[in-house]
Amino acid sequence: MLQNTGALAGRTLFVTGASRGIGRAIALKAARDGANVVVAAKTAEAHPKLPGTIYTAAKEIEDAGGKALACVVDVRDEQQIHAAVEQAVQNAINLTGTLGTSMKKVDLMLGVNLRGTYLTSKLCIPHLLKSSNPHILNLSPPLNLNPIWFQNHTGALAGRTLFVTGASRGIGRAIALKAARDGANVVDAGGKALACVVDVRDEQQIHAAVEQAVQKFGAYTMAKYGMSMCVLGMAEEFRGQISINALWPKTAIRTAAMDMLGGDGVERQCRKADIMADAAYSVFSRPLAGPAYTTGQFLIDEDVLREVGLSDMEVYAVEPGHPLLPDFFLDVETDGATPSSMLSGTKTSDPIEETFGLIRTVLSQDLVQSTKGVYQFDLSGEHAGSWFVDLKQGAGLAGRGLPPLPPDVVMSMDSALFSRMFRGELKPTMAFMTGKLRIHGDMTLAIKLEKMMAALPKSKL
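Residues numbered from 1 in each chain as written. Predicted model: local features only at pLDDT ≥ 70, side-chain atom pairs only at ≥ 80, totals over all residues. Heavy atoms only, no water.

Quick word on the overall build of the chain
Then, in step 1: Looking only at helices and strands, one finds 15 helices and 14 strands in the chain.
Then, in step 2: By residue count, 48% of the 461 residues in the chain fall in the buried class.
Then, in step 3: Taking the contacts inside the chain whose residues are at least 6 apart along the sequence as the reference set, 71% of them involve residues at least 24 apart.
Then, in step 4: Roughly 21300 Å² of accessible area belongs to the chain as shown, and the carbon and sulfur atoms make up 53% of that amount. (Helix = DSSP H or I, 4+ residues; strand = E, 2+ residues; numbered from the N terminus. Buried < 20%, exposed > 50% of the residue type's maximum accessible area, 1.4 Å probe, protein only. Contact = heavy atoms within 4.5 Å. Areas by Shrake-Rupley, 256 points an atom, 1.4 Å probe, with all protein chains shown as cover.)

Quick notes on the packing of helix 11 (residues 351-362) against helix 13 (residues 415-422)
Then, in step 1: It is at 10 Å that the axes of helix 11 and helix 13 come closest, and there the two elements cross at 30°. Taken together, the axes of helix 11 and helix 13 are roughly parallel relative to one another. Once helix 11 is placed against helix 13, the crossing between them reads as left-handed. Taken together, the residues of helix 13 that come into contact with helix 11 (itself represented by Pro-351, Ile-352, Thr-355, Phe-356 and Ile-359) are Ser-415, Phe-418, Ser-419 and Phe-422. (Axes fitted to C-alpha atoms, helices over the stretch in contact; angles between N-to-C directions. Parallel < 35°, antiparallel > 145°, perpendicular 65-115°, else oblique. Left-handed = near helix turned anticlockwise from the far one by under 90°.)

Here we look at helix 2 (residues 54-63)
Then, in step 1: Considered for burial, the residues of helix 2 that qualify are Ile-54, Ala-57, Ala-58 and Ile-61. Projected down its long axis, helix 2 shows its buried positions confined to an angular sector of 100°, all on one face. Structural note: helix 2 exposes Lys-59 and Asp-63 on the side pointing more than 90 degrees away from its buried face.
Then, in step 2: Its buried side turned inward, helix 2 meets helix 1 (21-31), strand 2 (36-41) and strand 3 (67-72).
Then, in step 3: Looking one or two residues beyond helix 2, the residue adopting positive phi is Gly-65, at roughly 110°. (Arc of directions from axis to C-beta.)

Some points on the sheet that holds strand 1 (residues 12-16)
Then, in step 1: As summarised here, the arrangement of the 3 strands in space is 1-2-3, forming an open sheet in which the pairing is parallel. Both outer strands of the open sheet, strand 1 and strand 3, are each paired with one neighbouring strand and no more. Sheet twist, expressed as the mean angle between neighbouring strand axes with direction ignored, is 15°.
Then, in step 2: Relative to strand 3, strand 2 runs parallel, the two being bridged by 6 bridges. Of the residues in strand 3, the one forming a bridge with Val-39 is Ala-70. (Pairing = 2+ DSSP bridges.)

Looking at the packing of aromatic side chains
Then, in step 1: Applying the stated criterion across every chain yields a total of 6 aromatic pairs.
Then, in step 2: For the pair Phe-356 and Phe-377, a centre-to-centre distance of 6.0 Å together with 75° between the ring planes defines the contact as edge-to-face. Here the residue Phe-356 occupies a position in helix 11, and Phe-377 occupies one in strand 10 (residues 373-380), the gap between them amounting to 21 residues.
Then, in step 3: Judged by its relative accessible area of 1%, Phe-377 falls in the buried class.
Then, in step 4: Here Phe-377 and Phe-418 contribute two aromatic rings whose centre-to-centre distance is 5.3 Å and whose plane-to-plane angle is 70°, an arrangement assigned as edge-to-face. Within this pair, whereas Phe-377 is found in strand 10, its partner Phe-418 is found in helix 13, the two being separated by 41 residues in sequence.
Then, in step 5: Chaining the aromatic ring pairs together yields one cluster made of Phe-356, Phe-377, Trp-387, Phe-418 and Phe-422. (Phe/Tyr/Trp six-rings, centres within 6.5 Å; stacked < 30°, edge-to-face > 60°.)

Observations regarding the pairing of strand 13 (residues 409-414)
Then, in step 1: Counting buried residues in strand 13 gives 5 out of 6 residues, a clear majority hidden from the surface.
Then, in step 2: In this structure, strand 10 lies alongside strand 13, joined through 6 bridges in parallel fashion. If you follow Gln-376 over to strand 13, its bridge partner there is Val-410.
Then, in step 3: As defined by bridge partners, strand 13 adjoins strand 14 (residues 438-441) across 4 bridges and the pair is classed as antiparallel. Counterpart to Val-410 in the pairing with strand 14 is His-440.

Regarding the sheet that holds strand 8 (residues 243-248)
Then, in step 1: One open sheet accounts for 3 strands, arranged 4-8-9; its pairing is parallel. Of all strands in the sheet, those with a lone pairing partner are strand 4 (135-138) and strand 9 (298-300), marking the two edges. Neighbour-to-neighbour, the strand axes of this sheet turn through a mean angle of 35°, independent of strand direction.
Then, in step 2: Pairing of strand 8 with strand 9, which is carried by 3 bridges, proceeds in the parallel orientation. In the strand pairing of strand 9, Trp-248 is matched with Ile-300.

Right under this line is the structure:
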């Protein structure tokens, strides 16, 4: 792991989301150098499922050797951010002032991440310009334009969010309905719909509609890419004055939210937040001038650490040696599909039938009670066809064709990859994130399917 060098001693970090997860890890890494850290986050009282508050984080920072200022901040609220900055100034932390640009000009309808990033940067930049080595580091991805992250009509828009103006009729309605067939969230029509009365000339109406959309759908892709666009724009505007970059993990990072959303065992596929903290520390240590000066770059945690001589990434793994889950928006090398007729050295005329034969051996009332879902598998390739697993009634049922009840989840993929997935060679989450598996329906139930897969006797597949 990257050792502290004292490079951040006496410096000030304004860390949004510092009460837990990656933000907390970055704050603690800086604190070990004796840095001043403004803990800017919403959580003042303990969450029933997500540990950590601004006050517990502040105590950890003080215990680690830093100075902490805990501020209740919702990054959507300009007054709260401004108050936090002023508090920091009054506490002799090296921050002052605000930019003159009205937030009305940058209220871009893209939710918490984009607006919060722009607003926090806007309020901190005047103070950063007075620093000897100022940095802004957004946790946002490279702007990857690979069609795998954008393609429609194949389920790739399932769970994503579209803000469609004029969606009540005409072209807007057609676009909304096309996305809806993938199970997209559409503000005004289709899929999981949110109908909003909006005159696009009225800023307040647009703002209200966006806030509703963020609360209901969480437009993750749009918000994260918006943060990345802030990096490009601000880096050019303040080139030579502030280092402005983005940092993104190569793999999934274990956080309380990941544990809650990813299901049992997901932590084994993750790295610890320490890798992001070490990478951020390395970036913050880079000078404002000279060959090490970096701005306008989309940095990947592992690449940053390899550049400073760290080669052993296993130290960051939650479970060393276990395959890791790649993060969103990064292209990963995909190996060729194993022919579905080659199953552990044996050949069969229909490997999908053999797989479902084994699925039937693990069906039980207990599995039905813990799942309560119906799955449909639409397979393409050498062994194309539809199959189902009914885990909603009786002791469960599995077979060829359409399910007896309407499916809660429809999964589409190549039949050879399906065999690999049920042999444990391809994780469903990894298949989904790399575009090999398309899911329409209840994502929570889709995650539960891994429990059944784990029970299959792999030696017979």
